[in-house]
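Secondary and tertiary structure notes
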Amino acid sequence: MTVTRRQAVGVLAAAGVLGPLSLWLVSGDAATSSLEGAFPIQKTDAEWRTVLASDRYRILRGHSTERAFSSPLNAEKRAGIFVCAACGQQLFSSETKFESGTGWPSFWQPLGDDAVGTQIDRSWLMVRTEVHCARCGGHLGHVFSDGPEPTGLRYCINGLALDFVTAPGNI
Ligand SMILES: [Zn+2]
């Protein structure tokens, strides 16, 4: 049986587990969800190990987190697009990047409704909302409800899960 995100979130929301973010998760369409195994790009674990450098593999496939302030993309201020380091899917625009002070590249909105997916992450004795690439399922980071306007969301993303492509004429 497949449990959809809405079903899962609904149960958690009914149990009062998620707090204010659950309202957005249940009603919002800012991020669509796919659970593991349902992504357009499918590779075996051995194949991912072949195509990804070990530090990127640990994050994208192993759900690890890079050290704060370790990514050069944290300070990237040029105009462009941040794409998935595993499959090239366009994920975030520089126009929605902001300085969160957390040490990880932060965005207040994904690039389009279908760029990323989310699911509940119960690791480390916390209930967080995990964010992944909607095309390959690669783990990107988490989304929190303490971001700036206009969305109030903070997509806290590992720089190693991203590649940056500068806008044309903006090298
Ligand atoms: Zn991807």
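These numbers come from a predicted model, not from an experiment. (Residues numbered from 1 in each chain as written. Predicted model: local features only at pLDDT ≥ 70, side-chain atom pairs only at ≥ 80, totals over all residues.)

Looking only at helices and strands, one finds four helices and nine strands in the protein chain. Shown N-terminal to C-terminal, the secondary structure of the protein chain runs as helices and strands in the order α-α-α-α-β-β-β-β-β-β-β-β-β. Looking at the protein chain as a whole, 32% of its 171 residues are labelled buried. Of the contacts formed within the protein chain by residues at least 6 apart in sequence, a portion of 59% connects residues at least 24 apart. (Helix = DSSP H or I, 4+ residues; strand = E, 2+ residues; numbered from the N terminus. Buried ≥ 20, exposed ≤ 12 C-beta atoms within 10 Å, placed from the backbone. Contact = placed C-beta atoms within 7 Å.)

Attention shifts here to the confidence of the model for the protein chain. Caution is warranted with low-pLDDT regions, since their predicted coordinates should not be read in detail. With 77% of its residues at a pLDDT of at least 70, the protein chain reaches an overall mean of 84. Between residues 1-34, whose pLDDT stays under 50, and residues either more than four places distant or in other chains, the model counts 45 contacts. (pLDDT = per-residue confidence, 0-100.)

The subject of this paragraph is the pairing of strand β8 (residues 154-157). Burial of the side chains of β8 extends over both faces: R154 and C156 are buried on one face and Y155 and I157 on the other. Here strand β7 (residues 139-144) pairs with β8 via four bridges, running antiparallel. Bridge pairing links V143 to Y155 in β8. (Pairing = 2+ DSSP bridges.)

Right, let's get into the nonpolar core. Counting 28 residues, the largest nonpolar core has L91, C133, I157 and A161 as the members making the most contacts within it. Among the elements of the structure, α4 (54-60), β1 (80-84), β2 (90-93), β6 (128-133), β7 and β8 are those that each provide at least two residues to this core. Other than its neighbours up to four places away in sequence, C133 contacts C84, A86, C87, Q89, L91, V116, G138 and L140. (Core = buried A, V, L, I, M, F, W, Y, C linked by C-beta atoms within 7 Å.)

The antiparallel open sheet is built from three strands, whose spatial order is β2-β1-β9. A strand with exactly one partner marks an edge of an open sheet, and here the two such strands are β2 and β9 (162-166). The mean angle between the axes of side-by-side strands here comes to 30°, regardless of whether they run parallel or antiparallel. The sheet contact formed by β1 and β2 spans three bridges and is antiparallel. Paired with V83 across the strands is Q90, a residue of β2. (Axes fitted to C-alpha atoms, helices over the stretch in contact; angles between N-to-C directions.)

What follows deals with the sheet that holds strand β3 (residues 97-98). Strands belonging to one sheet form pairs held by backbone hydrogen bonds; the direction of such a pair is parallel or antiparallel. Taken together, six strands build an open sheet; the order of strands is β3-β4-β8-β7-β6-β5 and the sheet is antiparallel. The two strands at the open ends of the sheet, each matched to only one other strand, are β3 and β5 (116-121). The sheet contact formed by β6 and β7 spans four bridges and is antiparallel. The residue of β7 that forms the bridge with V131 is G141.

With that settled, consider unusual backbone geometry. Going from E149 to P150, the amide bond is cis rather than trans, its omega being 10°. Position of P150 among the secondary structure elements: in the loop between β7 and β8. Here H63, not a glycine, exhibits a phi torsion of approximately 60°, which is positive. Of note in this structure, L125 is not a glycine but carries a positive phi near 60°. Here L125 is to be found in the loop between β5 and β6. Residue L125 is classed as exposed on the basis of its 5 C-beta neighbours within 10 Å.

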